[in-house]
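# Coordinates in review
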Amino acid sequence: MKVLSKAKLEAALNKLSDRNEVFVPMQKGQQSGYFTWKSFENGQDELMLDALNVYQSPKNAVLPQTEKMYSIKSQGVEVNIDQTYEDAHPTIIFGARGCDVKGIIAMDDVFLTRGYEDSFYKARRSGNTIIANACYEPGANCFCNAMEVNSLEPVGADVILRDAGDGYVWEVKSDKGEAVTALIADLLEEKEAKLPEVKPFIQKVDYSGVAEKLKSMFDHPLWDKLSQPCINCGMCTYVCPSCYCFDIQVKMWGEEGYRFRAWDSCMFEEYSREAGGGNPRGASKERFRQRFLHKLEFFKERYGTPLCTGCGRCIIVCPTDINIVRIIDAVKEAEINA
Amino acid sequence: MPDQDHKCTCSEQPLVPTIVEVIDIIDRTPDVKSFFVRNVDGNGVPFQVAPGQCGMVSHLPIGEAMISCTWQEEQEYLEFAIKRVGLLTDELHQIEVGQKIGVRGPYGNGFPVDACKGRDMVFIAGGIGLAPLRSFIKYCFKNRADYGKITILYGSRSKADLCFKEELFELWPQETNTEVFVTIDNAQADWDGHVGFVPSYMEEVNPSSQGAIAVVCGPPIMIKFVLQSLEKMGYNDDQVITTLEMRMKCGIGKCGRCNIGSEFICLDGPVYYLKQLRDLPPEW
Amino acid sequence: MKEITNKVQAIAAKLFEEGKIDVFLAWEKGELNFKTKSYVARNALDVKNIVFDEYSIYNVSNSLLKFRDSHERIGIAVKGCDSRGIVRLLEDLQIKRDRLYIVGIPCPGMKDPLAAARNHGGFSKKQEEDGLAKKCLDCIQPNPVIYDELVGPEQSPRQQGDRFARVKEIEQMSADERYKFWEDTFSTCIRCYACRQVCVACDCRTCIFDEMKPQWVGRENSSTDNMMYHLVKHSHMAGRCIECGECERVCPVNIPLMLLNRKLIKDVGTLFGGPEAGMQYVEGSKPPLSVYRENDPDSFL
Ligand SMILES: Cc1cc2nc3c(=O)[nH]c(=O)nc-3n(C[C@H](O)[C@H](O)[C@H](O)COP(=O)(O)OP(=O)(O)OC[C@H]3O[C@@H](n4cnc5c(N)ncnc54)[C@H](O)[C@@H]3O)c2cc1C
Ligand code: SF4
Ligand code: SF4
Ligand code: SF4
Ligand code: SF4
Ligand code: SF4
Ligand code: FES
């Protein structure tokens, strides 16, 4: 098998960075997320490939938090769009866990199917290669196995890395994977490596039947109780590898400017506010319910898979301890005729 | 009801508007104007719209809003009737003929014009809600033989707020087998027509539910009471069609905000049979 | 603290039994030792879920915002910082004093459940210290400033030294250095608005950042828009921030938000004098920046 020894990891990242923007999990100052290898500062930043995961997911690489769409020039009655900013420059997400790979595959469903292909997403995704990092030892909040993710064989990865102690087994899964492998062929060795033992999941989650059951639980009293502590901050949606909602806005300086999109969150009141001030999801509970129903029911109905990938991030960061696993449990246990 | 085979008639860049020219602007009421747009080269329209479909209209330096195309006149123009309510619509009301603006579309499923063939049609609208219905009404008149009796019931706050007055009072009443009923909320000196809300007027007029299809559009509160009245009058859920309005940004089922349950109203709607709505979470 | 929990439970139970309250706001335990979160007890049976332990750090006065438009009579357990939040809400007329029965708890200092969750979650390679939370080490007011009943012995402030030391250091920087410092500090903000949502002093019904007409602050995740967000938010906090430290505690990218808050506390203190925000409740009184007087200082404008 092909192996990239850890001693050669930096060399490989350097080489890949010649022609690609390479997003790597790292601790950068106070931030923990995927940042470009070129921005890595020796001595200050820390590579996090051997940690379970990082707080900010890699979705930024294909759906940047702020993304320019097209230029606007406006003079009197004339307006022009001189340029659109589809960006297909080559990018590599290096070391994404299965849950985060699934987040991107779910976004592929949203942006590339159902009649319209989003040209901006399509461009970024076409230039994007995913090198996944298989998980052998799930963490305290991981439950991807319950959310249709195989953390050992992430679907959609172009290359899969397997941490074998002093090196990564390098498994090519697609043509895109072949192409990036060619870039570092001289750094890979052909040898045997012993794969780690697969540890069991700590979280025991049973999602089966939840989407179907939720169909009749829209008005269930459990939402009042579950949503009580939530402050509708939006942190859970921004760290989530699969939340994709966006807003479209414009920035002008005099006659010139551009339109851009920016992440939005169903947790925000402004998100669904309508003309005349009405809002179908004006109350905290209604927004809370939207988030969890979208994740656990609506997305499954529309695209055949849940929009939660079981990464556990929101469970760790939520300031009021809202825990999606406990919500799944509560739905399972709920009596319906209430 | 997600439609997996939605035929893509859109451009390669669905979120990027096409620039068109505003060739005419008509004041419909003190706060509603019609904007007529055509390709900048003077030839044709940027896309073909079916009755009930919408376009995302943008004044580029300001913003975009989803607006029903109230009429497409062949290759001549697209007409959008726009009520002034906020940031973008305020600015649009300031522009003059000759201004270039952006549009993208067509969006939404549109009215089931074929499925309604052969039926008596009852159109019930309030305020700016007549704008989307008007595309269907005009389509019926254009294909008059395909539809049975046509009843139009329309109300607004005051006489001045009635949209499309010429059509309401002069053109439509002259069509064969057609009745038009107009009401305003409160009595006023120069009005000798009906006074009262749409739902109660509708019960008075009492258009027969026998073989009829009712199409309803207006402010949420009106829709709510009209639906109750229709039920009383014997209309089944598959005889009632309405259009939903949710906050929209992308118009193509991507940005997330317009959903009700697993339906994205911009893409799968905005037109629904009441029967379909009954299966959705009660957020409409 | 078990003792305090028992007392609070007993008080809440009594209030429910006497029909004096409809809800009681406090904390409850989650499934793990460090998980303590805000809780609303709705009847005497719920009371057994109430806890006060070393992780009861969440500022429960924020939970009152969900009740500002309703009429329930509310019992609430508060630490020092939480009680200052109540004063702010009373001053801003967000809730009426006679709807509240306040059980004050002098606070021995709390640990941060978020830090514990991070240690437990396995995303970081270094373990964070599990001592008292930073906000509690900086606390100047552990004892409730407003209450109907006090539970437990008074505590002395834990804050040591000059709490404006770092602020003064930054004031010494040149204007350019300072600009760069703040720009860098805010560049990593992901605009999740958790700092706003968790803040009891951010009690405006329609927040300026949600206004679209006009749109005051752009939505881009750029250093300009981020700076704008923070400058506007923090200046709205001038004379209102009760120094509860919740914003900084919950920030997912660890932005030192208290630095700017303290700068404003210091400036408002120097310019207007008087007690700091939420330190005492005098019916009808207003914080300095909520009233305009001819002779207000304006050197900072
Ligand atoms: C399918 C559909 C068809 C529509 N057809 C028409 C039409 O034919 N004629 C017409 O005048 N209007 C129509 N509208 C409503 C129109 O989209 C809004 O009035 C418009 O977006 C307001 O934009 P603004 O920038 O002027 O207002 P803003 O300043 O953005 O907002 C004013 C208020 O309107 C809200 N708002 C913004 N966008 C929408 C929206 N898409 N739907 C509801 N509320 C919104 C804001 O939250 C705010 O409360 C339609 C809406 C939908 C969804
Ligand atoms: S669930 Fe938690 S993180 Fe998400 S909005 Fe609510 S309080 Fe914030
Ligand atoms: S909802 Fe939470 S656990 Fe699920 S994918 Fe998103 S952040 Fe991860
Ligand atoms: S609706 Fe909410 S949960 Fe769903 S993707 Fe958008 S932000 Fe995430
Ligand atoms: S909590 Fe932190 S990241 Fe979120 S908006 Fe506030 S400062 Fe920015
Ligand atoms: S700004 Fe921060 S410290 Fe001040 S009151 Fe708000 S949450 Fe507390
Ligand atoms: S408007 Fe964006 S999904 Fe419907």
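Residues numbered from 1 in each chain as written. Chains lettered and ligands numbered in written order. Predicted model: local features only at pLDDT ≥ 70, side-chain atom pairs only at ≥ 80, totals over all residues. Heavy atoms only, no water.

Secondary structure assignment for chain B yields 7 helices and 15 strands. Referenced to the eigenvectors of the C-alpha coordinate spread, the extents of chain B come out at roughly 50 × 45 × 35 Å. When each of the 284 residues of chain B is scored for burial, the buried share is 61%. Of all intrachain contacts in chain B linking residues separated by at least 6 positions in sequence, the fraction that spans at least 24 positions is 68%. Within the structure as shown, chain B displays about 11300 Å² of accessible surface, and the carbon and sulfur contribution to it stands at 47%. Positive and negative side-chain charges of chain B, numbering 26 and 38 respectively, have mean locations separated by a distance of 2 Å. (Helix = DSSP H or I, 4+ residues; strand = E, 2+ residues; numbered from the N terminus. Buried < 20%, exposed > 50% of the residue type's maximum accessible area, 1.4 Å probe, protein only. Contact = heavy atoms within 4.5 Å. Areas by Shrake-Rupley, 256 points an atom, 1.4 Å probe, with all protein chains shown as cover. Lys, Arg positive; Asp, Glu negative; His and termini not counted. Charge placed at Lys NZ, Arg CZ, Asp CG, Glu CD.)

A few words on the packing of helix α6 (residues 175-187) of chain C against helix α8 (residues 223-237) of chain C. Helix-helix packing is characterised by the crossing angle of the two axes and by the distance between the axes. All names here are of chain C. Interhelical geometry of α6 versus α8 gives an angle of 95 degrees and a closest axis separation of 9 Å. By the angle between their axes, α6 is roughly perpendicular relative to α8. Residues Tyr179, Trp182, Glu183, Phe186 and Ser187 of α6 pack against Ser223, Asn226, Met227 and His230 of α8. (Axes fitted to C-alpha atoms, helices over the stretch in contact; angles between N-to-C directions. Parallel < 35°, antiparallel > 145°, perpendicular 65-115°, else oblique.)

All names here are of chain B. Burial in helix α4 (residues 198-205) covers these residues: Val198, Pro199, Tyr201 and Met202. When α4 is viewed along its axis, its buried side chains cluster within an angular range of 160 degrees and face the same direction. Residues of α4 that are buried in the fold lie against β7 (120-126), β8 (150-156), β9 (178-184), β10 (194-195) and α5 (220-232). (Arc of directions from axis to C-beta.)

Before going further, it helps to examine the environment of alanine 51 of chain A. Relative to the helices and strands, alanine 51 of chain A resides in the loop between β4 (46-47) and β5 (66-75). Apart from residues lying up to four places away in sequence, alanine 51 of chain A is in contact with Arg97 of chain A together with Phe123 and Lys125 of chain C.

Residues and elements named next belong to chain B. Taken together, 7 strands build an open sheet; the order of strands is β10-β9-β8-β7-β11-β12-β15 and the sheet is mixed. Strands at the two margins of the open sheet, each flanked by one partner only, are β10 and β15 (271-273). Sheet analysis places β9 next to β10, joined by 2 bridges and oriented parallel. Looking at β10, one finds that threonine 183 is bridged to histidine 194. (Pairing = 2+ DSSP bridges.)

Counting 188 residues, the largest nonpolar core has Ile124 and Leu230 of chain B together with Phe24 of chain C as the members making the most contacts within it. Apart from residues no more than four positions distant in its own chain, leucine 230 of chain B is found in contact with Ile124, Met202, Ala214, Val216, Tyr235 and Val240 of chain B. (Core = buried A, V, L, I, M, F, W, Y, C linked by side-chain atoms within 4.5 Å.)

The interface of chain A with chain C comprises 49 residues on the first partner and 41 residues on the second. Summed over both sides, the interface between chain A and chain C buries roughly 4000 Å², with carbon and sulfur atoms accounting for 52% of that surface. By the criterion of area lost to chain C, the three top residues of chain A are Gln228, Ile231 and Asp321 of chain A, representing 14% of everything that side buries. Our count for the chain A to chain C interface comes out at 11 salt bridges. Ionic pairing is found between glutamate 220 of chain C and lysine 251 of chain A, a salt bridge with its closest N-O pair at 3.0 Å. Applying the counting rule to chain A against chain C returns 22 residue pairs in polar contact (both at pLDDT 80 or more). Mapped onto the side of chain A that touches chain C, the elements with two or more residues apiece are β4, α7 (235-239), β12 (246-253), β13 (256-263) and α9 (313-317) of chain A. Looking at side-chain class alone, the side of chain A that touches chain C contains 24 nonpolar, 15 polar and 10 charged residues. (Buried area = accessible area lost by both parts, 1.4 Å probe. Salt bridge = Lys/Arg side-chain N within 4 Å of Asp/Glu carboxyl O. Polar contact = N/O pair within 3.5 Å; in protein donor to acceptor, adjacent residues only side chain to side chain. Nonpolar A, V, L, I, M, F, W, Y, C, P; charged D, E, K, R; others polar.)

A separate point is the side chain of threonine 129 of chain A. Residues and elements named next belong to chain A. Along the chain, threonine 129 falls in strand β8 (residues 128-133). Under the relative-accessibility criterion, threonine 129 is labelled buried at 7%. When neighbours within four sequence positions are excluded, threonine 129 is seen to be in contact with Thr91, Ile92, Ile93, Asp158, Lys176 and Val180.

Residues and elements named next belong to chain A. Every residue lining ligand 4 is accounted for by Thr237, Cys243, Tyr244, Cys245, Cys266, Tyr271, Gln290, Arg291, His294, Lys295 and Leu307. Here the shell around ligand 4 takes 4 residues from helix α8 (residues 284-303), the largest share from any one element. When grouped by side-chain class, the residues that make up the shell around ligand 4 number 6 nonpolar, 3 polar and 2 charged. (Near = heavy atom within 4 Å.)

Residues and elements named next belong to chain A. Taken as a whole and judged by the stated rule, the model has 29 aromatic pairs over all chains. Relative to phenylalanine 288, the ring of tryptophan 223 lies with its centre 6.4 Å away and its plane at 65 degrees, an arrangement referred to as edge-to-face. Note that tryptophan 223 is positioned in helix α6 (residues 222-227) and phenylalanine 288 in helix α8, a separation of 65 residues in sequence. Comparing tryptophan 223 with phenylalanine 288 shows no difference in burial state: the two are buried. Among the aromatic residues, those joined into a cluster by ring pairs are Phe111, Tyr121, Tyr244, Phe246, Phe299 and Tyr303. Just above the ring of tyrosine 168 sits the side chain of lysine 6; from NZ or CZ to the centre is 5.0 Å. Of note, lysine 68 hangs over the ring of tyrosine 85, and the distance from its end group to the ring centre comes to 4.9 Å. (Phe/Tyr/Trp six-rings, centres within 6.5 Å; stacked < 30°, edge-to-face > 60°. Lys NZ or Arg CZ within 6 Å of the ring centre and 35° of its normal.)

This paragraph deals with unusual backbone geometry. Cis geometry is adopted by the peptide bond preceding proline 106 of chain B, which originates at glycine 105 of chain B and carries an omega value of 0 degrees. Note that the residue after glycine 269 of chain B, namely proline 270 of chain B, is joined by a cis bond; omega there is 5 degrees. Its place among the elements puts proline 270 of chain B in the loop between α6 (265-268) and β15. Within the chain, glutamate 148 of chain A stands out as a residue other than glycine whose phi angle is a positive 65 degrees. Mapped onto the elements of the fold, glutamate 148 of chain A is located in the loop between β8 and β9 (159-163). Assessed through its relative accessible area of 41%, glutamate 148 of chain A is described here as partly exposed. The backbone phi angle of glutamate 243 of chain C is positive, close to 60 degrees, even though this residue is not glycine. Looking at the element boundaries, glutamate 243 of chain C is found in the loop between α8 and α9 (246-250).

Glancing now at α8 of chain C. Quick reminder: α-helices carry 3.6 residues per turn. Residues three or four places apart thus point the same way. A rise of 1.5 Å per residue sets the reference length of α8 of chain C, with its 15 residues, at 21 Å; its end C-alpha atoms lie 21 Å apart and thus fit the reference within 8%. In the core, the buried residues of α8 of chain C are packed alongside β12 of chain A together with α6, α7 (194-197) and α10 (257-272) of chain C. Glycine 239 of chain C sits one or two residues past α8 of chain C and shows a positive phi near 75 degrees. (Expected span 1.5 Å × (residues − 1).)

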